[in-house]
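Here is how the chains run, residue by residue.
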Amino acid sequence: MRKYNVAVVGATGAVGEELFRILEEVDFPVANLLPLASARSAGNMIEFKGSEYKVYELTNTVFDEHEVDIAFFSAGGSISAEFAKYAVASGAVVIDNTSHFRMEPNIPLVVPEVNPEDIALWRESGIIANPNCSTIQMVQALKALDSVYPIKRVDVSTYQATSGAGKKGMEELVQQMQDFFAFRLDETEIKAFPHQIALNVIPQVDKAMPSGFTKEEEKMVYETQKIMHKQLKIAATCVRVPVLRSHSESVTVTFEDGIDADLDKCKEALENFENLKVVDDLPNKIYPMPIISTDTDYTYVGRLRKDIYDANIIHFFNVADQVRVGAATNAVRIALKWIKLEENN
């Protein structure tokens, strides 16, 4: 396998830092590493595989100057909107972790375990979009189940960790908990979320939309339909919870009318699906939780059960590390699939 010049935009952020870890863990074929960030972070050093790399300022010309092959973007939608085109023009493939390009018709939106064939569409734009974190872990399970019985509808409630708001979200939870134990919670700062997150749950992730849903909830609907190439009926309720890392989801799947869903077949499909782990033993108090998924690259599925009233409905609970599976790991998996595709052509 040849080696590639890799750039990471947003190198000093939570997802950027995780990207470096995962690239090292999977022994990604890196020829040269180019950490990129804003001017205020330029000059800092990033450690990777025992060597130090200087952080460069993200500019219009930096991709040409360093002959980048693969550019990971994890610095926010406005940054991707402004600078991704320069990476593409230089000849790099862009793997974008923001929401900016996801619903563009000519840009593939990819979860490698679900729709790897869509990666080949990258040539139309030079960009491959990484889906929303909550979408990624849900569609992995949905794809497994849809291979057994055709799905008609999905209802999901999420329990999203503060890592979804980046470093500032996690730091705010920690600070508010410290303020609570110091008896000064009434003075605590509220910046990253609409309300205090410590000892609270907030039934709003992202801005309100005209539909009455939030933008995060609509992402789960439309991204899932695009990834699965299927116009599923989906309703989502996204909730922020006081957990540092790993998003959880309670999912109800309705199969087509007339299906008597065999729970053993559903469980087998989930167990055999790539990068899913079934953790499901309720009598012994064994089920997916953030503390088992954090800092791993698996989506954990459990609490699998049939509906009491309708034979074509099942329910389950899943958990995955939002920073890894929901962002950095998925991006690296896309890059590895892209390399195989290019080297086979």
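Structural data are supplied above this passage.
A. Representation of the overall build of the protein in the model. Helix and strand content of the protein: nine helices and 14 strands. For 345 residues, the compact-globule formula gives about 20 Å, and the C-alpha radius of gyration of the protein, at 20 Å, lands near that figure. In the protein, buried positions account for 52% of the 345 residues. Here the contacts in the protein between residues at least 6 apart in sequence split such that 67% fall between residues at least 24 apart. Roughly 15400 Å² of accessible area belongs to the protein as shown, and the carbon and sulfur atoms make up 50% of that amount.

B. Geometry of the sheet that holds strand 12 (residues 276–278). Reading across from one edge, 10-9-11-14-13-12 is the order of the six strands in this open sheet, with mixed pairing throughout. Across the chains shown, the open sheet's two edge strands, defined by having one partner strand only, are strand 10 (233–240) and strand 12. The mean inter-strand angle of the sheet, taken between neighbouring strand axes irrespective of direction, is 20°. Where helix 7 (residues 263–271) meets the sheet, its contacts fall on strand 11 (247–255), strand 12, strand 13 (299–306) and strand 14 (313–320), and the angle it forms with strand 13 comes to roughly 175°.

C. Main features of a nonpolar patch on the surface. Residues Phe 180, Phe 181 and Leu 199 make up a contiguous nonpolar surface patch of about 330 Å² in total accessible area. Among the secondary structure elements, Leu 199 is positioned in the loop between helix 5 (167–181) and helix 6 (215–228).

D. Summary view of the side chain of Gln 176. Mapped onto the secondary structure, Gln 176 falls in helix 5. In this structure Gln 176 comes out as buried when scored by relative accessible area, which is 0%. In this structure the side chain of Gln 176 is engaged in a polar contact, spanning 3.1 Å, whose partner is the backbone oxygen of Glu 189.

E. Representation of the nonpolar core in the model. Within the largest apolar cluster, 57 residues are counted, with the highest numbers of intra-cluster contacts made by Phe 63, Phe 73, Leu 145, Val 253 and Phe 255. By residue number, the principal contributor to this core is helix 4 (residues 133–146), which donates seven residues. In contact with Leu 145, other than residues within four places in its own chain, are Ile 151, Val 253, Phe 255, Cys 266, Leu 270, Ile 314 and Phe 316. By size, the runner-up hydrophobic cluster in this structure holds 32 residues, among which are Val 6, Val 15, Trp 122 and Ala 335.

F. Structural context of the sheet that holds strand 1 (residues 4–9). Ordered in space as 5-2-1-6-7-8, the six strands form an open sheet in which the pairing is parallel. Bordering the open sheet on either side are strand 5 (56–57) and strand 8 (127–129), each of which pairs with just one other strand. Summarising the sheet, strand 7 (residues 93–96) and strand 8 pair through three bridges and their orientation is parallel. Looking at the pairing, Val 94 lines up with Ile 127 of strand 8.

G. Local environment of a negative patch on the surface. There is a patch of like negative charges on the surface, built from Asp 262, Asp 264, Glu 268 and Glu 271. With a relative accessible area of 46%, Glu 268 lands in the partly exposed category.

H. Quick peek at the pattern of salt bridges. Taken as a whole and judged by the stated rule, the model has 23 salt bridges. Across the pair Arg 102 and Glu 223 runs a salt bridge whose closest N-O atoms are separated by 3.2 Å. Of this pair, Arg 102 sits in the loop between strand 7 and strand 8 while Glu 223 sits in helix 6, and the two are 121 residues apart along the sequence. For Arg 102, a relative accessible area of 6% gives the class buried. Since its relative accessible area comes to 2%, Glu 223 is described here as buried. A salt bridge links Asp 295 to Arg 324; its shortest N-O distance comes to 3.6 Å. With Asp 295 in the loop between helix 8 (290–293) and strand 13 and Arg 324 in helix 9 (residues 324–343), this residue pair connects regions lying 29 residues apart in the sequence. Taking the relative accessible area as the measure of exposure, Asp 295 reaches 39% and is therefore partly exposed.

Criteria and thresholds
Residues numbered from 1 in each chain as written. Predicted model: local features only at pLDDT ≥ 70, side-chain atom pairs only at ≥ 80, totals over all residues. Heavy atoms only, no water. Helix = DSSP H or I, 4+ residues; strand = E, 2+ residues; numbered from the N terminus. Rg over C-alpha atoms; globule rule 2.2 N^0.38 Å. Buried < 20%, exposed > 50% of the residue type's maximum accessible area, 1.4 Å probe, protein only. Contact = heavy atoms within 4.5 Å. Areas by Shrake-Rupley, 256 points an atom, 1.4 Å probe, with all protein chains shown as cover. Pairing = 2+ DSSP bridges. Axes fitted to C-alpha atoms, helices over the stretch in contact; angles between N-to-C directions. Patch = residues over 30% accessible without salt bridge, like charges linked within 9 Å, V, L, I, M, F, W, Y side chains within 5 Å. Salt bridge = Lys/Arg side-chain N within 4 Å of Asp/Glu carboxyl O. Polar contact = N/O pair within 3.5 Å; in protein donor to acceptor, adjacent residues only side chain to side chain. Core = buried A, V, L, I, M, F, W, Y, C linked by side-chain atoms within 4.5 Å. Lys, Arg positive; Asp, Glu negative; His and termini not counted. Charge placed at Lys NZ, Arg CZ, Asp CG, Glu CD.

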